[in-house]
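What the coordinates show
Below are the chains, spelled out letter by letter.
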Amino acid sequence: MLLLEEERKVLVKSLEAKGITDKRVLQAFLNVPREKFVPSTFRKYAYDDNALPIECNQTISQPFTVGYMTMVLNVEKGSKVLEIGTGSGYQAAILCEIGGEVYSIERIESLYNSAKSLLAKLNYKVNLKIGDGSLGWEEHAPYDRIIVTAAAPDVPESLIQQLKIGGKLVIPVGSLEFQKLYVVKKTGEGVDHSILDSFKFVPLIGEEGWNKGQQL
């Protein structure tokens, strides 16, 4: 156990050196046991700064990517946060550590079940749902923050509609092979957006994402 804690500290130092400077985000990385969110066969790599495969041809994102997106999202304590793509549940746990009230949607039932069980076991209170994340979760809208952990061809209009005025949406947008990270801010007059660094994500499958019928 001590070895894993030391590996976690080394990872956090490397993230800080790479530009993750938000102390709350770094502390969240220290608190969340990433090894619990990866398959047992990959646990020895849990604190490498790399994406790792999980079930159903999905991935747990590279720690730098999780840290970068979380830092840009700038969640405040008590913020209502919608996450699109629960996956392993790791990003949701990080958001909980920062103080977000987290709602998360996963389209794959087995991932939903695994994440639900693990998050509950680790005492993270996350509101979970199986569904089409590209359409958001209208029942609990509006949200202070929305984070999308899969790549979309465009920013889904449903997510913009469910964002509070003054809220922020972080989403990778582009082709299946190459995406840029978009930061969308909703104002009283409409939306403003900025485009940040390049990343590589699994596709956002759904009505306002990549269609299941398309060649992926």
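Attention here is on the structure that accompanies the text. Here the structure is a predicted model, which means the values were calculated and not measured.

Calculation rules
Residues numbered from 1 in each chain as written. Predicted model: local features only at pLDDT ≥ 70, side-chain atom pairs only at ≥ 80, totals over all residues. Heavy atoms only, no water. Axes fitted to C-alpha atoms, helices over the stretch in contact; angles between N-to-C directions. Helix = DSSP H or I, 4+ residues; strand = E, 2+ residues; numbered from the N terminus. Parallel < 35°, antiparallel > 145°, perpendicular 65-115°, else oblique. Left-handed = near helix turned anticlockwise from the far one by under 90°. Contact = heavy atoms within 4.5 Å. Nonpolar A, V, L, I, M, F, W, Y, C, P; charged D, E, K, R; others polar. Pairing = 2+ DSSP bridges. Buried < 20%, exposed > 50% of the residue type's maximum accessible area, 1.4 Å probe, protein only. 1 Å grid on protein atoms, 1.4 Å probe; cavity = no way out; pocket = protein on both sides within 12 Å on 5 of 7 lines; lining within 4 Å. Points joined across faces, edges and corners; volume = space filled by probe spheres on them. Core = buried A, V, L, I, M, F, W, Y, C linked by side-chain atoms within 4.5 Å.

**Topic: the packing of helix H2 (residues 23-31) against helix H4 (residues 90-98)**
The N-to-C vectors of H2 and H4 enclose an angle of 120°; their axes lie 9 Å apart at closest approach. The orientation of H2 with respect to H4, classified from their angle, is oblique. Judged by the sense of rotation from one axis to the other, the crossing of H2 with H4 is right-handed. In this structure, H2 contributes Arg 24, Val 25, Ala 28, Phe 29 and Asn 31 to the contact, and H4 contributes Tyr 90, Ile 94, Glu 97 and Ile 98. Considered class by class, the residues forming the contact of H2 with H4 number 6 nonpolar, 1 polar and 2 charged.

**Thoughts on the sheet that holds strand S3 (residues 80-84)**
Sheet strands pair via backbone hydrogen bonds, and the direction of the pair is either parallel or antiparallel. Sheet architecture is open: 7 strands sit in the order S5-S4-S3-S6-S7-S8-S9, paired in mixed fashion. Among the strands making up the open sheet, the edge pair consists of strand S5 (126-130) and strand S9 (190-199). Neighbour-to-neighbour, the strand axes of the sheet open up by a mean angle of 15°, direction not taken into account. In this structure, strand S8 (residues 179-187) lies alongside S9, joined through 8 bridges in antiparallel fashion. Pairing of Val 183 across the sheet is with Ser 194, part of S9. Helix H5 (residues 109-121) contacts strand S4 (101-106) and S5 of the sheet and is inclined by roughly 165° relative to S5.

**Overview of the side chain of Ser 158**
With respect to the secondary-structure elements, Ser 158 resides in helix H6 (residues 157-161). The exposure class assigned to Ser 158 is buried, which follows from its relative accessible area of 17%. For Ser 158, the residues in contact, after removing those within four places along its chain, are Ser 134, Leu 135 and Glu 208.

**Some details on the layout of surface pockets**
Rolled over the atoms, a probe as big as a water molecule pinpoints where empty space is left. Within this model, the largest pocket holds a volume of roughly 540 Å³. Elements with a minimum of two residues in the lining of the largest pocket: strand S2 (59-60), helix H3 (63-73), S3, H4 and S4. Counting residues per element, the lining of the largest pocket draws most heavily on H3, at 3 residues. Of the residues contributing to the lining of the largest pocket, the split by class is 17 nonpolar, 14 polar and 4 charged. Of the volumes computed, that of the second largest pocket is approximately 180 Å³. Considering the residues around the second largest pocket, the lining is formed by Lys 36, Phe 37, Val 38, Pro 39, Ile 54, Glu 55, Gly 87, Ser 88, Leu 111, Ser 114, Ala 115 and Leu 118. Taken together, the residues of the lining of the second largest pocket break down into 7 nonpolar, 3 polar and 2 charged.

**Considering the nonpolar core**
In this structure, Phe 29, Phe 37, Tyr 90, Ile 94, Leu 119 and Val 126 are the most contacted members of the largest nonpolar core, which totals 48 residues. Looking at this core, the elements with two or more residues in it are helix H1 (2-17), H2, H3, H4, H5, S5 and S8. The biggest single contributor to this core is H4, with 7 residues. If we skip the residues at most four places from it in the chain, Tyr 90 touches Phe 29, Val 32, Arg 34, Phe 37, Ile 60 and Val 66. Grouped together as the second largest cluster of nonpolar side chains are 20 residues, Val 148, Ile 160, Leu 163 and Val 184 included.

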